[in-house]
Amino acid sequence: MSPIKNIQNKLQNFIKTFYFNELIKGLLLFFSIGLLYFIFTLFVEYTFWLEPVYRSLLFWIFIAVEFLLLTKYIVIPIFKLMGLQKGISEKEASSIIGNHFPEVEDKLLNMLQLCDIDRNSELIEASIKQRSKELLPVPFKKAVDFSKNRKYIKYLIIPVFIWILVYITGNISIFNDSLTRVVHYNTPYNPPAPFSFHVSNESFDVIEGESFRLEVEITGNVLPADVKIHYGSESYYVENMGLGRFEFVFSKVIEPLDFYLEANGIASERFRLNCIATPVINNLKMRLEYPLYIEKKN
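The shown structure was predicted, so the numbers you read here are calculated from the model rather than taken from an experiment.

**Let's talk about unusual backbone geometry**
Inference 1: Located in the positive-phi region is L243, a residue other than glycine, with phi close to 55 degrees.
Inference 2: Mapped onto the fold, L243 is located in the loop between strand 6 (239–242) and strand 7 (245–250).
Inference 3: Its relative accessible area of 83% is what places L243 among the exposed residues.
Inference 4: The phi torsion at E295 lies on the positive side, around 60 degrees, for a residue other than glycine.
Inference 5: One can find E295 in the segment after strand 10 (271–276).
Inference 6: For E295, a relative accessible area of 73% gives the class exposed.

**Here's the deal with helix 6 (residues 150–168)**
Inference 1: With 19 residues, helix 6 should cover 27 Å at 1.5 Å per step; its first-to-last C-alpha distance of 27 Å lies within 8% of that length.
Inference 2: Listing the buried residues of helix 6 in full gives Y152, P159 and V166.
Inference 3: A positive phi of about 80 degrees marks G170, the residue just after helix 6.

**Comments concerning the packing of aromatic side chains**
Inference 1: According to the stated counting rule, one finds 25 aromatic pairs in the structure shown.
Inference 2: On the basis of an interplanar angle of 35 degrees and a centroid distance of 6.3 Å, the ring pair of F14 and F18 is categorised as tilted. Here F18 and F14 lie together in helix 1 (residues 3–48), a separation of 4 residues that amounts to about one turn. Each member of the pair, F14 as well as F18, is classed as buried.
Inference 3: Among the aromatic side chains, those forming a connected cluster through ring pairs are F204, F212, Y231, Y236, F248, F250, F259 and F271.
Inference 4: Over the face of the ring belonging to Y73 we find K72, whose NZ or CZ atom lies 5.6 Å from the ring centre.

**A word on the environment of V238**
Inference 1: Tracing the sequence through the fold places V238 in the loop between strand 5 (234–237) and strand 6.
Inference 2: We classify V238 as buried; its relative accessible area is 7%.
Inference 3: As for V238 and F248, which are separated by 10 residues in sequence, their C-alpha atoms are 5.3 Å apart.
Inference 4: Among residues more than four places away in sequence, those in contact with V238 are V227, K228, I229, F246, E247, F248 and L261.

**Notes on the pattern of salt bridges**
Inference 1: Counting across every chain of the model gives 7 salt bridges.
Inference 2: The partner of D258 in a salt bridge is R272, and the shortest N-O contact between them spans 2.9 Å. Placement of D258 in strand 8 (residues 257–263) and of R272 in strand 10 is noted, with a sequence separation of 14 residues between them.
Inference 3: Salt-bridge contacts for R287 lead to E289; the nearest nitrogen and oxygen are separated by 2.9 Å.

The rules behind these values
- Residues numbered from 1 in each chain as written.
- Predicted model: local features only at pLDDT ≥ 70, side-chain atom pairs only at ≥ 80, totals over all residues.
- Heavy atoms only, no water.
- Helix = DSSP H or I, 4+ residues; strand = E, 2+ residues; numbered from the N terminus.
- Buried < 20%, exposed > 50% of the residue type's maximum accessible area, 1.4 Å probe, protein only.
- Expected span 1.5 Å × (residues − 1).
- Phe/Tyr/Trp six-rings, centres within 6.5 Å; stacked < 30°, edge-to-face > 60°.
- Lys NZ or Arg CZ within 6 Å of the ring centre and 35° of its normal.
- Contact = heavy atoms within 4.5 Å.
- Salt bridge = Lys/Arg side-chain N within 4 Å of Asp/Glu carboxyl O.

Structure representation (structure tokens):
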């Protein structure tokens, strides 16, 4: 193989190494930016509980961003690495190599420029051969510095650290639930209530005609000032006892009642008050047996 051809092969190998390095950098950037944007998307849904129309917009923007990142940082470098897309030229590659190796300087670029000239001149041909022999020992591939990719690893650590932190603190459901809602963007979801109702009564049985005292405790980040109770076609305010405790008295219950509690537009589950019929004596018989000394007839 002629020295000139050897130099050209070394240049092609350098170009492939150059784009292999670009692919490594692209993979690190794709996962770094992609994961950060993925976490950002889930955080937006977790914070705002978007409506289906906005959730679908969030979903498709995420798909578009990830597709652009995939194309820019992975697909294009692979295409250039495989020669499916035009990459840097040999002259551009020679400039990169010349900047890395002081002994090369502009020799490689000048040699390529001479190759483009009509080689009828023996002087030009001899100059090309001389320069190619001088450049043969130079390891072009080493002009690609893989160690520079280390600085991109720190960007990948950020989203990985966030994910691990959320996992070890037991809050992974934040991501799981948000992801479910984003993926099923057409499904309506209601945000969780800022408080919940807890009925303290162990039994919901009351004897017919008697009263029943309902005891309710409300827990949560926000406590309502007023609570209503709904049963039948009526609704009443429940007495606020303070510190999230409420009470309501059903007076003289004569039939079973279905009821639920409501505060700030948030309703509790439905409860049933069971009415137990009062025992009634319909018939009474007594047998009296007297002692003999009384001398009375039984």
